[in-house]
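# Tertiary structure, described
Spelled out, the chains give:
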Amino acid sequence: MKQTFRRAAPSLAGLTIGLAVFLLVYGPVPLDSTRDDWLLGGYIETDLLQHYAAWLAIKNQGLGWPLTFTTGLNWPAGAAAALADCIPLLAVPFGLLRGLLPGTFQYFGLFVCGSLMLQGEAAVRLLRLFTKRMEWVLGGAVIFCLSPILLERAFRHTALCAHWLILYALWLYFKSAEEGLSLRRAAGFAALAALAASIHLYFVPMVLAIAFAAGLRTLVRTRRWQPFALAAGGGSLAALAVAWALGFFTVSGSADGGYGTFGMNLNALWNPVSLDWNWWVPGCGQLHWSRVLPIRPLVANSLDSFNYLGLGLLAALAGCALAAAWLLTRRRAQAKALAKQALSHWPLALVCCALTAFAVSNVVTANSRTLFILPLPQWLTALCGVFRASGRMFWPVWYLVAALALAVLAKLPRRRLAAALAAVLALQVFDLSGALAQKHDWFAEPALRTAAPAPAEEDLALLEEYDAFYTLEVCTDRGLAVALGRAGLATNISLLARGDDSALADGIETVRAALEAGESAPLGEGVAFYTTDEAFADAASAASGLRKTPFYQGWALLEP
């Protein structure tokens, strides 16, 4: 028993660190799955409302095939809720249990908390490969759980805070470099790729890139192709199969923008600015992540490519540079040995260069200037546009840089190590404390936060006898979608992150024509129609006999 506990203690410590960081930053409110008042205004953007509305569609109308298909979205045709970033890993099992769930149920707080706990556990596993000094490992796990690029995404783009996928992939890589890429570890890469596809597709190429590096290193060193095929090829097939089963391939295209629109600015590592919840207020909308470093200017949408390291890690990198210079001048033999060891990881370095180049994109920006635009063939631009928010692809490099900076510190004598780790940790926490305090304050009193515009209770009371709510113009009002979902109604409000609205618009035009022609139920009974066009509401009401009544920000056409 003692031996089992001793083995499990590091993992338990990592899980505890992640839980502690969640509670310190966000508090206990989001963990109450029967409470959703804290998310009704969205968080920074309205994407959280999009995710919640997609889950409500599953909860109300159930699942089909593909696994996240529900008629509650894009009603009456239906759509895959995975395309609205509902986190299928949780949406599918909870959707299957929807009959047992309470009236109000959300899992987004549980997901973020679980992600931070797994972040701590994965960080402990990864860092223990560099040293067995637990004080260093646990201190490093705290730094990884306080990762700015993770906390910046939590509850804004909730699925994108599953950075533990990257850390476990890096752990598998370095474990394989140390002991060999066995078929079991290669299968671990494939499992991670499948998990990534069930959370958010952006994690799939990150995991597969690291798997490719591990497989290529093994192939070159041992001439064994089976681990390479299973890690990279098997991982790709597993991710494709999961994505297909969840419905990610039921549409094509993207909502707006393309490759190069959200590229990483060259100042990203030391630029402490991300999107703030006041982004729509002129002169506001920038969250300052550093108490020391100033905000640097950016070009257009570079703000989405937030990759700030934090002052503590920047100081650790500076220390690494000084240590390298000292080795080159005083300990050349040791420097050569370290260089030889580093060169053995050239496949990982190659992958990191590719990820960085993709993150920067063909539109290269530095501060407020666009340095140059590299022309790309149209087919390549379209292919890269699948991951148009390219700055996110730097995340594996971010964690590798952080891990290696801490690994160099681990080589210090014990007394110096303690001082260096304490300094890095203190600098990192102090530097980020302002932004973290703002987040804590925001979640401390969610009832005081302004909810997104939504119908009043008396408006929703008009819809008690209806099953569906059909908008007669293409509508993207996420607050309205959540309100309807909470009331149990299906709707055709546009919520998908990918695809275009042309089919939706064509369907709406057909219904509008039918109403103007005098049909009162072109979509069957139990459907309420909604329009912001009063002239059309008058004409349709007169022709079809439907009752026109004020509703929300427009007019509802209801059965007499």
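Preceding block: the structure.
The model shown is predicted, which means the values in this text are computed figures rather than measured ones. (Residues numbered from 1 in each chain as written. Predicted model: local features only at pLDDT ≥ 70, side-chain atom pairs only at ≥ 80, totals over all residues. Heavy atoms only, no water.)

Counting secondary structure elements, the protein contains 20 helices and 11 strands. Scaling as 2.2 N^0.38, a compact globule of 560 residues should have a C-alpha radius of gyration of about 24 Å, and the protein matches this with 26 Å. Viewed in the frame of its principal axes, the protein has a C-alpha envelope of about 90 × 60 × 50 Å. Per-residue burial over the protein gives 52% buried out of 560 residues. Within the protein, contacts between residues at least 6 apart in sequence are counted, and of these 74% link residues at least 24 apart. Across the protein, 41 positive and 36 negative side-chain charges occur, with their mean positions spaced 29 Å apart. (Helix = DSSP H or I, 4+ residues; strand = E, 2+ residues; numbered from the N terminus. Rg over C-alpha atoms; globule rule 2.2 N^0.38 Å. Buried < 20%, exposed > 50% of the residue type's maximum accessible area, 1.4 Å probe, protein only. Contact = heavy atoms within 4.5 Å. Lys, Arg positive; Asp, Glu negative; His and termini not counted. Charge placed at Lys NZ, Arg CZ, Asp CG, Glu CD.)

A few words now on the pairing of strand 6 (residues 369-373). Sheet analysis places strand 5 (residues 363-366) next to strand 6, joined by four bridges and oriented antiparallel. Counted as the bridge partner of Val363 is Ile373 from strand 6. Counting the residues between successive antiparallel strands, the hairpin from strand 5 to strand 6 contains two residues, one of them, Asn367, with a positive phi of roughly 55°. (Pairing = 2+ DSSP bridges.)

Here we come to the nonpolar core. Counting 155 residues, the largest nonpolar core has Tyr26, Trp55, Phe144, Phe189 and Leu463 as its most contacted members. A per-element tally of this core places helix 7 (residues 164-179) first, with 11 residues. Ignoring any residue separated from it by four or fewer positions in sequence, one finds Leu463 in contact with Phe469, Leu484, Leu489, Ala528, Phe551 and Leu558. If you look at the next biggest cluster of nonpolar residues, it comprises 16 residues, including Ala468, Ala490, Leu515 and Leu546. (Core = buried A, V, L, I, M, F, W, Y, C linked by side-chain atoms within 4.5 Å.)

Okay, the side chain of Asn271 next. Relative to the assigned elements, Asn271 resides in the loop between helix 10 (226-246) and strand 3 (273-275). Among all residues touching Asn271, those that are not within four sequence positions of it are Pro294, Ile295, Arg296, Pro297, Leu298, Phe306 and Tyr308.

Moving on to the sheet that holds strand 8 (residues 490-491). In space, the five strands of this open sheet follow the order 8-7-9-11-10, with mixed pairing throughout. With partners counted over all chains shown, the strands left at the sheet margins are strand 8 and strand 10 (547-551), one partner each. Two strands pair when backbone bridges link them, and strand 10 and strand 11 (residues 554-558) are joined in this way by five bridges, in the antiparallel orientation. Each residue of the ladder has a partner; that of Arg547, found in strand 11, is Leu558. Together, strand 7 (468-471), strand 9 (527-531) and strand 11 form the strand contacts of helix 19 (residues 502-516), whose direction differs from that of strand 7 by roughly 95°. (Axes fitted to C-alpha atoms, helices over the stretch in contact; angles between N-to-C directions.)

Taking 1.5 Å per residue, 16 residues should reach 22 Å; helix 7 reaches 22 Å between its end C-alpha atoms and fits that length. With 13 of 16 residues buried, helix 7 is to be regarded as a mostly interior element. Remark: Gly180 follows helix 7 within two positions and exhibits a positive phi of approximately 100°. (Expected span 1.5 Å × (residues − 1).)

Interaxial distance between helix 8 (residues 183-197) and helix 9 (residues 203-222) falls to 8 Å at its minimum, and their mutual angle equals 170°. For the element pair helix 8 / helix 9, the angle class is roughly antiparallel. Residues Phe189, Leu192, Ala193, Ala196 and Ala197 of helix 8 form the contact with helix 9, whose own contacting residues are Phe203, Val204, Val207, Leu208, Ile210, Ala211 and Ala214. Of the residues in the contact of helix 8 with helix 9, the class split is 12 nonpolar, no polar and no charged. (Parallel < 35°, antiparallel > 145°, perpendicular 65-115°, else oblique. Nonpolar A, V, L, I, M, F, W, Y, C, P; charged D, E, K, R; others polar.)

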